Amino acid sequence: MRESRVGAALAERWRWLVLASIGVSYLLVFTQRTGPGLISDQLQTEFHVSAAVLGSITSIQYLVYMVLQIPIGLYGDKSGPERMLVLGVLCDGVGTLVFSSAPNFGLLLCGRAIVGLGDSLIWVNIVLILAKWFAKGRFAAVLAVVNSAGNIGALITSIPLAAWIAVSGWHIPFIVIGALLVVAGVANFVVLIAGGPARAVAKAQAESIRVERVPVGRMLADVVRSKLAWATFCCHFGAMGTYLSMVSMWVVPYFMGVYRLPRAEAAWFTLTAFIGALVASPVIGWLSDRLADRKRPYLTTQILGMLAWLAIVVWGGEPPLFVAGVVMFVVGFGCGSSLLTFAAIRDHVPTERSGVTSGFANTGGFLSAVLLPVLFGAVIDAAGGTVGAGSQTMRHVYGVAFILPTVFSAVGVVGSLLLPKGVHRLVDVRAPREAM
C-alpha cells in the first residue's frame, strides 16, 4: 500500500514534468514554423523565385501536415501517441537542418517537407497525451499553457531572431534551432517513454482500461457525418490557418513593401501578433472553462479576426500604422483562441474518436495554411507586386490580396456558429488520470 502511495505521488509530480517537456518542445517547434517569414525577401533573392513560388515554401510544409492529420489521428487513437510525438520533434529538427543548409531551392523545399512531416505528428498527439494526465476541468487551461509556450517561441522569432539574422545571416540561426529540436526530441523520449512513472501509467492503462475498438471505416464515416467535426474543421480553417500562413510568410514583406520599414521594425508587427496569441491562450482557456461554453468566446474572436483583416482592405492596403498594429494583435488573439477547437472536441466527442476528430479539425487549419500563401503570392504577382516596387504600387497590390484572408476568416465565423453550446461531461473510459 505504501509503495502504491509513493508511486501515485511520483506520478502526480511527473505529470508536470510531462507538461514542461511538451511545452519546451512546442516552443521550439514554433520557432521554425514562423521563422521563415522573417527571411522571405532574402529567400526570394537568393533562390531567384517569384512570390507565388516562394509561397510554396510554406505550402509544402503545411500540405504534408494536412494530408497526414487524419491518419495520425487514427493511429494515435489505436496506439500510444508518445513515440509519435518524439518522432515528430526529431523530424522537425532534421528538416530544419536540411532547410538551413540547402544549396538549392529543391532541397529547401525538401527540408520544409520534412518539417511538415514532423509537425503532423505533434499537436494531435500532444492533445492525446495531455488527456491521459489531466482532467477535463483543467484541460483547456493545460492546452493554453502549451499553446502559450508555442507563442513564446513565435515571440523569439520576431525581434530577437531578426536581430540575430541581421548580424549573422539566416543560415546559422536555423541550424541552431534544428539542433535544439533534436535535443528536445531525445528529452521527450526520456520523459514520455523511458521514465518510470510514464511506463507505470502506460502499464496501468493497458491492464485496466477497456477501449472500444471501432472499425476504421465506421470511425471515419462517423466523423464525416458529424456536425461538430465540420464545425471545428471550419473554426480551425479560419482562426489558425489564416494567422499561421500570413505570419509565416507575408506579414514582414507587407510592412517592408508598403510602409518601407527595415526588417527589424517590420518584425515588431509579427511580435504584436505573437503577443496577441500569447495573451489569448490563457485568457480564452480560463474564460471558456469558467463559462462552461466554447461557442460564445470562439464566435467573438472569430468575428474580430475577420474584421481585422477586412480593415486592411477598407484602408486600401495601408491603414495607419497604429491601426495595422491593432490588426496584428487581434489576428494573433484570434489564433490563440484556436485551442477551443480541441477543447470542444474533448467535451463532445467520445474518447475512441477524439484523435481522428482532432486530426480532421486540424486538417481544416492546415488546408487554409496550404492554400493561402500560394494564392496570396499569385495575387501579388498578378497585380504587379515585385521586390523593389514603389510603395503606392505595393499598397494597391496588398489592398487586393488581403481580401483572401478576410474570406478565409469568414469560414471560421461560420464554423463557430455551428458549435454546440455548453460543455457535455462525457465519461472517459481511457483516462485513469482523470481524477487529477
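Here is what the cut-offs are and how they apply
- Residues numbered from 1 in each chain as written.
- Predicted model: local features only at pLDDT ≥ 70, side-chain atom pairs only at ≥ 80, totals over all residues.
- Heavy atoms only, no water.
- Helix = DSSP H or I, 4+ residues; strand = E, 2+ residues; numbered from the N terminus.
- Buried < 20%, exposed > 50% of the residue type's maximum accessible area, 1.4 Å probe, protein only.
- Contact = heavy atoms within 4.5 Å.
- Areas by Shrake-Rupley, 256 points an atom, 1.4 Å probe, with all protein chains shown as cover.
- Salt bridge = Lys/Arg side-chain N within 4 Å of Asp/Glu carboxyl O.
- Axes fitted to C-alpha atoms, helices over the stretch in contact; angles between N-to-C directions.
- Left-handed = near helix turned anticlockwise from the far one by under 90°.
- Nonpolar A, V, L, I, M, F, W, Y, C, P; charged D, E, K, R; others polar.

### Looking at the overall build of the chain
The number of helices and strands found in the chain is 20 helices and zero strands. Residue burial in the chain is summarised as follows: out of 436 residues, 59% are buried. Once local pairs closer than 6 in sequence are excluded, the contacts in the chain between residues at least 24 apart make up 87%. Surface summary for the chain: the accessible area is close to 16100 Å², and the carbon and sulfur share equals 71%.

### A short note on the pattern of salt bridges
Taken as a whole and judged by the stated rule, the model has three salt bridges. Put simply, R296 and D293 hold a salt bridge, and the shortest N to O gap is 2.7 Å. Since its relative accessible area comes to 4%, D293 is described here as buried. Two residues, R294 and D347, come together in a salt bridge whose shortest N-O distance is 2.6 Å. Note that R294 is positioned in the loop between α14 (263-291) and α15 (295-314) and D347 in helix α17 (residues 339-348), a separation of 53 residues in sequence. Here R294 and D347 have matching classes, each one buried.

### Some thoughts on the packing of helix α6 (residues 123-133) against helix α18 (residues 354-382)
Where α6 meets α18, the closest approach of the two axes is 9 Å, and the angle between their N-to-C directions is 145°. Between α6 and α18 the crossing geometry is right-handed. Of the residues in α18, those touching α6 at W123, V124, V127 and L128 are S354, G355, S358, G359 and N362. By residue class, the composition of the contact of α6 with α18 is four nonpolar, five polar and no charged.

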